[in-house]
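Secondary and tertiary structure notes
The lines below spell out each chain.
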Amino acid sequence: MKAHHYKVNITWTGNRGNGTSSYSSYDRDHTIVAGQKPVIPGSSDPAFRGDNTRYNPEELLVASLSSCHMLWFLHLCSAAGVVVLDYMDDAAGTMEETADGGGHFTEVTLYPVITVASEEMVEKADALHEKANGLCFIARSCNFPVHHKPIYKIAEHV
């Protein structure tokens, strides 16, 4: 098997001068960098004292699932002769807090709006979502279901 390795740098930028001397004494702000790519500003969810103008880990997990699914779906469509002209997803995830202060995701649902070249391609495209989900590296690594509720548009009717 071929192994792939990924490295990112996470740097906490939320020390207000007293570090973590109390729960409210520090910001949850941090940066995420991979190589020479643009910096991703991170924080925790605002429910956990985070900055709502920055990405939180939960949003990034949902985005990773959506992105991975889209990339596999597009690949499978190209191989199957399905011409996708546009793809946009408003993905949503549900995380539940647990009594011990932790939590876990219970599900993620992808809501892609997909424009295909012709009506005849919709049925074939729709069948490829399950295959894309089965091949997606991120979805295969999760212990919760990832659902898909696609909407199709036909290019000649757009």
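In short, a report on the structure.

Conventions we followed
- Residues numbered from 1 in each chain as written.
- Predicted model: local features only at pLDDT ≥ 70, side-chain atom pairs only at ≥ 80, totals over all residues.
- Heavy atoms only, no water.
- 1 Å grid on protein atoms, 1.4 Å probe; cavity = no way out; pocket = protein on both sides within 12 Å on 5 of 7 lines; lining within 4 Å.
- Points joined across faces, edges and corners; volume = space filled by probe spheres on them.
- Helix = DSSP H or I, 4+ residues; strand = E, 2+ residues; numbered from the N terminus.
- Nonpolar A, V, L, I, M, F, W, Y, C, P; charged D, E, K, R; others polar.
- Contact = heavy atoms within 4.5 Å.
- Expected span 1.5 Å × (residues − 1).
- Buried < 20%, exposed > 50% of the residue type's maximum accessible area, 1.4 Å probe, protein only.
- Polar contact = N/O pair within 3.5 Å; in protein donor to acceptor, adjacent residues only side chain to side chain.
- Pairing = 2+ DSSP bridges.
- Axes fitted to C-alpha atoms, helices over the stretch in contact; angles between N-to-C directions.
- Phe/Tyr/Trp six-rings, centres within 6.5 Å; stacked < 30°, edge-to-face > 60°.

1. Section: the layout of surface pockets
- Within this model, the largest pocket holds a volume of roughly 490 Å³.
- Counting only elements with at least two residues in the lining of the largest pocket, the list comes to α1 (57-80) and α3 (137-140).
- In terms of residues, the lining of the largest pocket owes the most to one element, α1, which gives 8 residues.
- Among the residues forming the lining of the largest pocket, the class breakdown is 11 nonpolar, 2 polar and no charged.

2. Quick word on the environment of His 69
- With respect to the helices, strands and loops of the structure, His 69 is situated in helix α1.
- His 69 sits 27 residues away from Gly 42 along the chain, and the two C-alpha atoms are 23 Å apart.
- Apart from the residues within four sequence positions on either side, His 69 is in contact with Tyr 87, Leu 110, His 129, Ala 132, Asn 133, Cys 136 and His 148.

3. A short note on α1
- Between its first and last C-alpha, α1 extends 34 Å over 24 residues, near the 34 Å set by a 1.5 Å rise per residue.
- Every buried residue of α1 is listed here: Val 62, Leu 65, Ser 66, Cys 68, His 69, Phe 73, Leu 76 and Cys 77.
- A side-chain oxygen of the first residue of α1 lies 3.0 Å from the backbone nitrogen of Glu 58; this N-cap is Asn 56.
- One or two positions beyond α1, positive phi appears at Gly 81, with a value near 80 degrees.

4. Section: the sheet that holds strand β1 (residues 9-12)
- Pairing is antiparallel across the open sheet formed by 3 strands, whose spatial order is β1-β2-β3. The open sheet has two free edges, formed respectively by β1 and β3 (40-42), since each of these has just one partner strand. Direction aside, the axes of adjacent strands within the sheet are offset by 25 degrees on average.
- Bridge count for β1 against strand β2 (residues 30-33) is 4 bridges, and the pairing is antiparallel. Among the inter-strand pairings, Trp 12 is bridged to a residue of β2, identified as His 30.

5. Examining the pairing of β2
- Of the pairings in the sheet, the one linking β2 to β3 comprises 3 bridges and is antiparallel in character. Counted as the bridge partner of Ile 32 is Ile 40 from β3.
- As consecutive antiparallel partners, β2 and β3 are separated by 6 residues, and within that stretch Gly 35 has a phi angle of approximately 65 degrees, a positive value.

6. Considerations on the packing of aromatic side chains
- Under the definition given, this model contains 4 aromatic pairs.
- Ring plane angle 80 degrees and centroid distance 6.1 Å describe the contact between Trp 12 and Tyr 26, whose orientation is recorded as edge-to-face. Note that Trp 12 is positioned in strand β1 and Tyr 26 in the loop between β1 and β2, a separation of 14 residues in sequence.
- With centroids separated by 5.9 Å and ring planes inclined at 80 degrees, the aromatic side chains of Trp 72 and Phe 137 adopt a geometry described as edge-to-face. A residue pair is termed long-range when its members are at least 10 positions apart, and Trp 72 in helix α1 and Phe 137 in helix α3 qualify at 65 residues.

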